[in-house]
Structures are given as C-alpha cells and as structure tokens.
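# Coordinate analysis (summary)
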Amino acid sequence: MGVKSFYGEGADFTVDTSRPMTVVTQFLTHNGTDVGDLSEVKRFYMQDGKVIENSEATILGANAGNSITDEFCSKQKAKFGDRNDFAAKGAMKQMGEALDHGMVLVLS
C-alpha cells in the first residue's frame, strides 16, 4: 500500500511478476507456538534465490509496517474512513481461533 514500484511486470519492480517467484505467508502467534493466539500474518517473496520482504505500507504513515496485525488493521481502517468491523469481531485472536477449525485456501 503506497509503494507502486514493489510488485509488477518487468525489471523496474522489486518483485518482477514476469519471472517465477514463491510467495510465503506466515501465521505467527503471540508466543511463537502452535497453540498461541494469532498475532501477525507476514508475507515475503523469494525470487532468483533472494528473500524479498513485503513492502512497507507507506500510505498509512511512518512505521505502519509490512505485515498484518491488529494495529495495522486499525491504521488502515482509520486511513480509509472504514468501520473497524475486524476489531469488533475479535480481530487476529478470533481469526486464529477460526483457523484452528480448519479452512481451505482457494486461489484462482
């Protein structure tokens, strides 16, 4: 959010979508265990043998971060004037509890 040269087709982008890449998504807990409360969803990319951290969300201001946390979601909702329904429904902790019941990832 905000870094327009991060992801796109061609060598001018940090992640060049015209070349093979691996996208890694991590679901991290507050205590680093499988039974902890979900606290962060982090994404990074691997391309040409390099690990590429996700871009910073510069549109949200300084130190907004590059991963999804309760704080990040609150900043995003405030920036765009949206109701923070995510927080009202239990935020990351509740999402982690839902994931514990099992989900299927579908990409198209």
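Keep in mind that what you see is a predicted model, and the values were worked out from it rather than measured.

With that settled, consider the sheet that holds strand E3 (residues 22-29). Read from one edge to the other, the open sheet built from three strands follows the order E3-E4-E5, with strand pairing classed as antiparallel. Strand pairing shows two members of the sheet lacking a second neighbour, E3 and strand E5 (50-53), which therefore form its edges. On average, adjacent strands in this sheet sit at an angle of 30° to one another, irrespective of strand direction. Here strand E4 (residues 38-47) runs beside E5; their pairing, made up of four bridges, is antiparallel. Within E5, the position partnered with Tyr45 by the bridge is Ile52.

Let's shift gears to the confidence of the model for the protein. The pLDDT averaged across the protein works out to 92; a share of 100% of its residues lies at or above 70. Within the protein, no element has a lower average pLDDT than helix H1 (residues 70-80), which sits at 92, and none a higher one than strand E2 (residues 15-16), at 97.

So, about the packing of aromatic side chains. Counting across every chain of the model gives two aromatic pairs. Ring geometry for Phe6 against Tyr45: centres 5.6 Å apart, planes inclined by 65°, an arrangement best described as edge-to-face. One end of the pair, Phe6, is in the segment before strand E1 (7-8); the other, Tyr45, is in strand E4, with 39 residues separating them in the sequence. Exposure remark for Tyr45: the relative accessible area of 8% places this residue in the buried category. Both rings, one in Tyr7 and one in Tyr45, keep their centres 6.0 Å apart while their planes meet at 45°; by these two values the pair is tilted.

Bringing unusual backbone geometry into the picture now. For Asp48, which is not glycine, the phi dihedral falls at a positive 55°. For Asp48, a relative accessible area of 53% gives the class exposed. Here Ala91, not a glycine, exhibits a phi torsion of approximately 55°, which is positive. Counting through the fold element by element, Ala91 comes out in helix H3 (residues 91-100). Overall, the relative accessible area of 11% leaves Ala91 in the buried class.

This next bit is on the side chain of Ser55. With respect to the secondary-structure elements, Ser55 resides in the loop between E5 and H1. Ignoring anything within four residues of it in the chain, the contact list for Ser55 reads Val3, Phe6, Gly65 and Asn66.

Rules used in this analysis
- Residues numbered from 1 in each chain as written.
- Predicted model: local features only at pLDDT ≥ 70, side-chain atom pairs only at ≥ 80, totals over all residues.
- Heavy atoms only, no water.
- Pairing = 2+ DSSP bridges.
- Helix = DSSP H or I, 4+ residues; strand = E, 2+ residues; numbered from the N terminus.
- Axes fitted to C-alpha atoms, helices over the stretch in contact; angles between N-to-C directions.
- pLDDT = per-residue confidence, 0-100.
- Phe/Tyr/Trp six-rings, centres within 6.5 Å; stacked < 30°, edge-to-face > 60°.
- Buried < 20%, exposed > 50% of the residue type's maximum accessible area, 1.4 Å probe, protein only.
- Contact = heavy atoms within 4.5 Å.

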